[in-house]
Every structure is written in structure tokens, then in C-alpha cells.
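# Structural features, examined
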Amino acid sequence: MTSREKTAIELRSLSVTYRGGGKSGQEVHAVRDCSFFVARGDIVGLVGESGSGKSSALMAIPRLLPAGTLVSGQIFCDGEDISALGEQAMNAWRWRRIALVPQGAMNSFTPHLSVERHITEVLAHHLNMTKREGRKYASELLGTVGLETSILDRYPHELSGGQKQRAALAAALACRPDFLLADEPTTALDVITQKEVLDMTAALVRERGMGLLLVTHDLPLAAGLCDTLIVMKEGSMVESGPSRQVIDAPRHPYTRQLVQAIRGMEKMNEGGGRA
Ligand SMILES: Nc1ncnc2c1ncn2[C@@H]1O[C@H](COP(=O)(O)OP(=O)(O)OP(=O)(O)O)[C@@H](O)[C@H]1O
Ligand SMILES: [Mg+2]
């Protein structure tokens, strides 16, 4: 095992199959034999069209897939095979070592709980903090993600989308995790807020030396932010490598198609600018 593998999340031949659902009852092979790394200090983008298996691969890491889902392969974190851990041991890794901002996080707040309750419950459960300690630390966390302390007393419906997303990030950062898994963290936001939240996330990740796995279907966005890109199609990894290389010299026809679509959009925008 190399030193890089000792400080990374590593997926080895991960496959995820959902047991037959719906009317047909057919199995869905959501992830097929995927192997990749997310090292500390690296921002890795997992991209691909809707349904390509991005969320399934990401949710397999903290083992939060629906009960009954078949998962094979191994997942290592800092050299330890976490796919072999019991549920209780795995629970100790969640939030503290590997934190998650799930897809649609901003819509997953409990309506009748204030922002303070959302964050302090994580702190009480995982760090044994008292209410008073929790409030103080929660206020610091909000500061870290650019929110004022007064947000603590607000309820989810009293926040903008960007504020909710920042609050979800604050909760994920609460236990100072080594790895952050973020699934489409800004998709529902306008382009400017999206950039602000992502730039801030990237800056925090770099400052703290965390590893970030960022799932998005937005290739240009991922290319601008990530060190490494992994492209998925129909459950399989079709390409991976340094972002620049993937964008400038895509090897797989599917990646070439994605990149050409971006180039086409850029040309249209330039043309529009000159008109
Ligand atoms: N709980 C489930 N039961 C059965 N099939 C599922 C389940 N969740 C996802 N799938 C299927 O697995 C495949 C991969 O889904 P997944 O959510 O991982 O894709 P994704 O790349 O994250 O898509 P999106 O960009 O739309 O979020 C899809 O065919 C999807 O319909
Ligand atoms: Mg998804």
C-alpha cells in the first residue's frame, strides 16, 4: 500500500445493484466495477449524465444505500477496509471522518427544527457537546461558511436556498471530517450563488487538507474546481484523470461528446456577446 493510499478513500471494484423494484422487478446495476481514489487535499469530481450511478457510488462510501441493496468490492479509508466494519463501527466514521452533504440536502431540513437544533444535535451526538457549548460552536461554524449567528434561530423556511446549502455544509464540517462527500451541493442555486458556495467549499477543503468528492452533472463547473475528474456512464467509469487532461484531450467518445457540448455552448455565448 502506497503512502497516498494510506491517506485516501479508495474504492476497489465497487458495484452497486438495486434489487428489483417497480413493476418489472428487474435488478438495476447502478455501479459496475468502479475503482478510484479521493486523497486528502484533493478535489475529485464525479461527473456523468443523470442516472449514470454517481449518487449510488457516493452513498456506498458511508454505507447509506437503501437496505437490501447489493454492494460488492471494497472501500478503504486511510488504509482501513471500512466495507468490512460493523454498523456501530461504521457509525463512528460517519460525520467524524467522512461527512456527507447529500443530494437535495437543502430540502432535507426538518421544518420544525431551527438551524441551531439541526447543528447542535450533530454536535451532541458525535462530540458529546452540551447545549451551551454546541450553540457557541454552531455559531463559529456558521461564520466559517459565511453566515451570521442570527441564522441559528431561524427555521428552514426562513432561509434562502444558498443559506440552507451553507447551513448543510456547516453541519457536515462540524466534526472536522477528513473527507467530505458532496452530491450536487449547489444544483438548485442560481449561477452566482452556486459559484460562491462552491468556491467557499473548495477553499475550506484546501485550508483543512480534506479530501472532497464532488458529484455533479455539470462538467464545466467540475472542470473549473476539481483536480481530478471521473466520468461515469451507465454505472461504469469511462474516463478519469487530471481535470485539464480530461477536458483538453478526452479519450472516450462519451467524454468527447460532453466536452464538445461545452465548447458549442461557449461559442454560442461568445457569438451572443459580439452581437
Ligand atoms: N433505490 C433505488 N432502487 C432502484 N433503482 C435505483 C434506486 N436508486 C437509484 N436507482 C437507479 O440506479 C441508477 C443510478 O442512479 P443514481 O441515483 O446513482 O444516478 P445519478 O448519476 O446520481 O443521477 P442524478 O444525476 O439524476 O442524480 C438509475 O438507473 C436509477 O434509476
Ligand atoms: Mg444523483
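First, a word on scope: everything that follows refers to the structure included in this document.

Criteria and cut-off values
- Residues numbered from 1 in each chain as written.
- Chains lettered and ligands numbered in written order.
- Predicted model: local features only at pLDDT ≥ 70, side-chain atom pairs only at ≥ 80, totals over all residues.
- Heavy atoms only, no water.
- Helix = DSSP H or I, 4+ residues; strand = E, 2+ residues; numbered from the N terminus.
- Expected span 1.5 Å × (residues − 1).
- Buried < 20%, exposed > 50% of the residue type's maximum accessible area, 1.4 Å probe, protein only.
- Contact = heavy atoms within 4.5 Å.
- Pairing = 2+ DSSP bridges.
- Polar contact = N/O pair within 3.5 Å; in protein donor to acceptor, adjacent residues only side chain to side chain.
- Donors = N, O, S within 2.8 Å, 3.2 Å for Na, K, Ca; no water.
- 1 Å grid on protein atoms, 1.4 Å probe; cavity = no way out; pocket = protein on both sides within 12 Å on 5 of 7 lines; lining within 4 Å.
- Points joined across faces, edges and corners; volume = space filled by probe spheres on them.
- Nonpolar A, V, L, I, M, F, W, Y, C, P; charged D, E, K, R; others polar.
- Near = heavy atom within 4 Å.
- Areas by Shrake-Rupley, 256 points an atom, 1.4 Å probe, with all protein chains shown as cover.

## Points about helix α4 (residues 115–127)
Counted at 1.5 Å a residue, the expected span for α4 with its 13 residues is 18 Å, and the 18 Å between its end C-alpha atoms agrees. Among the residues of α4, those classed as buried are Val115, Glu116, His118, Ile119, Thr120, Val122, Leu123 and His126. Close packing links the buried residues of α4 with α3 (87–93), α5 (131–144) and α6 (161–173). Residue Asn128 follows α4 closely and has a positive phi angle near 55°.

## Regarding the sheet that holds strand β1 (residues 8–18)
The strand order β2-β1-β4-β5 describes an open sheet built from four strands, whose pairing is antiparallel. Bordering the open sheet on either side are β2 (28–39) and β5 (80–81), each of which pairs with just one other strand. The pairing of strand β4 (residues 70–77) with β5 spans two bridges and is antiparallel. Note on β5: the bridge partner recorded for Cys77 is Glu80.

## A word on helix α7 (residues 191–208)
Here α7 spans 26 Å end to end across 18 residues, near enough to the 26 Å set by a 1.5 Å rise per residue. Residues of α7 that are buried in the fold lie against β3 (43–47), α5, α6, β7 (179–183), β8 (211–216) and α8 (219–225). Sitting at the amino-terminal end of α7 is Asp190, which places a side-chain oxygen 3.1 Å from the backbone nitrogen of Ile192. Two residues or fewer after α7 comes Gly209, characterised by a positive phi angle close to 65°.

## Considering the coordination of the magnesium ion (ligand 2)
Surrounding the magnesium ion (ligand 2) are the protein donor atoms Ser55 (OG) and Gln103 (OE1), which sit 2.0 to 2.3 Å from the metal. Taken together, the positions of Ser55 in helix α2 (residues 54–60) and Gln103 in the loop between β6 (98–101) and α4 put the pair 48 residues apart, joining distant regions of the chain.

## Overview of the pairing of strand β9 (residues 228–233)
Across four bridges, the pairing between β3 and β9 is parallel. Residue pairing in the sheet places Gly45 in a bridge with Leu229 of β9. Note: β9 against strand β10 (residues 236–242), six bridges, orientation antiparallel. From the neighbouring strand, Ile230 faces β10, where its bridge partner is Ser240.

## What to know about the layout of surface pockets
Taken as a whole, the largest pocket encloses approximately 440 Å³ of empty space. What lines the largest pocket is a set of 20 residues, and nearest its centre among them are Trp95, Leu100, Pro102, Val122 and Ala171. The set of elements that each furnish at least two residues to the lining of the largest pocket consists of β6, α4 and α6. Class assignment of the residues belonging to the lining of the largest pocket gives a composition of 14 nonpolar, four polar and two charged.

## Remarks on the site of ligand 1
Around ligand 1 there are 14 residues in total, and Ser50, Gly51, Lys54, Ser55 and Ser56 lie nearest to it. Within the side chain of Ser55, a nitrogen or oxygen atom sits 2.8 Å from an oxygen atom of ligand 1. Alone, ligand 1 offers 630 Å² of accessible surface; in the complex the protein occludes 64% of this. Of all the elements in the fold, those that place two or more residues in the shell around ligand 1 are β2 and α2. The element contributing the most residues to the shell around ligand 1 is α2, with three residues. Considering only residue class, the shell around ligand 1 consists of four nonpolar, seven polar and three charged.

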